[in-house]
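Examining the three-dimensional arrangement
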There are 2 protein chains.
Amino acid sequence: MLENIGYLAAVLTTFSFLPQAVLTLRTRKTDEISLIMYLMLNVGIACWLVYGLVRDDLAIILANSVTLLFSLPILLVKGSNKLAGRE
Amino acid sequence: MLENIGYLAAVLTTFSFLPQAVLTLRTRKTDEISLIMYLMLNVGIACWLVYGLVRDDLAIILANSVTLLFSLPILLVKGSNKLAGRE
């Protein structure tokens, strides 16, 4: 039972970035999305990934690879909008 | 060294939601923010909190309390904008 709550928690927090990635890639609008948030988040997830790889912890590697897959496109769209002076 | 990468990862991912919370509370604009993302994220973090409380794991309890503190206001502003028909 408790393990199931843990799995549910992991799946929900990991995949929560998928709908935001879909929305951002579709609309390309990011004025209300915080650049600092996605910079911190992506660097943080990359650190988790390094941590998991060095410790050879498959759960940490898997969860953070999936999260990075969704959160990196959001950062890239936001960054390119910012650099191009579109916001 | 590896432990430091773990702590850095935890601090960055936990506090990444703070700048988004500040931005969203200040502007109250959430058109480009995904409701499904913040629903999944907040329920997921609440599950992590339950998991940490039952397992009496202070690191999980602390990290997820802080994240919830930042992510819940974003969900509430988004939800109230949606319910009020402002977007």
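Residues numbered from 1 in each chain as written. Chains lettered and ligands numbered in written order. Predicted model: local features only at pLDDT ≥ 70, side-chain atom pairs only at ≥ 80, totals over all residues. Heavy atoms only, no water.

Residues and elements named next belong to chain B. Position of asparagine 81 among the secondary structure elements: in helix H4 (residues 58-83). Residue classification places asparagine 81 among the buried positions, given a relative accessible area of 5%. With residues up to four places along the chain from it excluded, the contact list for asparagine 81 reads Arg28, Thr30, Arg86 and Glu87. (Helix = DSSP H or I, 4+ residues; strand = E, 2+ residues; numbered from the N terminus. Buried < 20%, exposed > 50% of the residue type's maximum accessible area, 1.4 Å probe, protein only. Contact = heavy atoms within 4.5 Å.)

Let's shift gears to the pattern of salt bridges. Residue and element names in this part refer to chain A. Applying the stated rule across the entire model yields two salt bridges over all chains. We note a salt bridge from lysine 78 to glutamate 87, for which the minimum N-O separation is 2.3 Å. Owing to a relative accessible area of 2%, lysine 78 belongs among the buried residues under this scheme. (Salt bridge = Lys/Arg side-chain N within 4 Å of Asp/Glu carboxyl O.)

Here we come to the relation of the copies chain B and chain A. Of the transformation superimposing chain B on chain A, the axial component is 0.0 Å and the angular component is 180 degrees, with the fit at an RMSD of 0.0 Å. In short, the pair behaves as if placed about a two-fold rotation axis. In terms of proximity to the rotation axis, the leading residue of chain B is B:Glu32, whose C-alpha is 3.1 Å off the axis. Looking at chain B, 100% of its interface residues are interface residues in chain A too, so the copies touch through the same face. (Least-squares fit on C-alpha atoms with pLDDT ≥ 70 in both.)

In this section: a nonpolar patch on the surface. Residues and elements named next belong to chain A. A surface patch of nonpolar side chains, about 310 Å² in accessible area, is lined by Val11, Phe15, Leu18 and Val22. Secondary structure elements with two or more residues in the nonpolar patch: helix H1 (2-15) and helix H2 (17-27). Of note, valine 22 is situated in helix H2. (Patch = residues over 30% accessible without salt bridge, like charges linked within 9 Å, V, L, I, M, F, W, Y side chains within 5 Å. Areas by Shrake-Rupley, 256 points an atom, 1.4 Å probe, with all protein chains shown as cover.)

Residue and element names in this part refer to chain A. Relative to the assigned elements, alanine 59 resides in helix H4 (residues 58-83). Judged by its relative accessible area of 54%, alanine 59 falls in the exposed class. Taking C-alpha positions, alanine 59 is 28 Å from serine 34, a pair spaced 25 residues apart along the chain.

What follows is about the confidence of the model for chain A. The predicted structure's coordinates, where accompanied by low pLDDT, should not be read in detail. In the predicted model, chain A carries a mean pLDDT of 96, and the fraction of residues at 70 or more is 100%. Both scores are available for the predicted complex, with the pTM at 0.94 and the ipTM at 0.93. (pLDDT = per-residue confidence, 0-100.)

The next thing to look at is H4(A). Residues and elements named next belong to chain A. The first and last C-alpha atoms of H4 sit 36 Å apart over 26 residues, in line with the 38 Å expected at 1.5 Å per residue. At leucine 69, H4 shows its maximal kink, close to 30 degrees; a proline, proline 73, follows between one and four residues later. Taken together, the buried positions of H4 are Ile61, Asn64, Thr67, Leu68, Phe70, Ser71, Ile74, Leu75, Val77, Lys78, Gly79 and Asn81. Its side-chain oxygen 3.1 Å from the backbone nitrogen of alanine 59, aspartate 57 forms the N-cap of H4. Count one or two residues on from H4 and you reach glycine 85, which has phi positive near 70 degrees. (Expected span 1.5 Å × (residues − 1). Bend = angle between axes of the 7 residues up to and from the residue. Polar contact = N/O pair within 3.5 Å; in protein donor to acceptor, adjacent residues only side chain to side chain.)

Here the focus is unusual backbone geometry. All names here are of chain A. Residues other than glycine seldom take positive phi values, yet arginine 28 does so here, at roughly 60 degrees. Along the polypeptide, arginine 28 turns up in the loop between H2 and helix H3 (35-55). Residue arginine 28 is classed as partly exposed on the basis of its relative accessible area, which comes to 48%.

Position of A:Leu39 among the secondary structure elements: in helix H3. Separated by 32 residues in sequence, A:Leu39 and A:Ser71 place their C-alpha atoms 9.6 Å apart.

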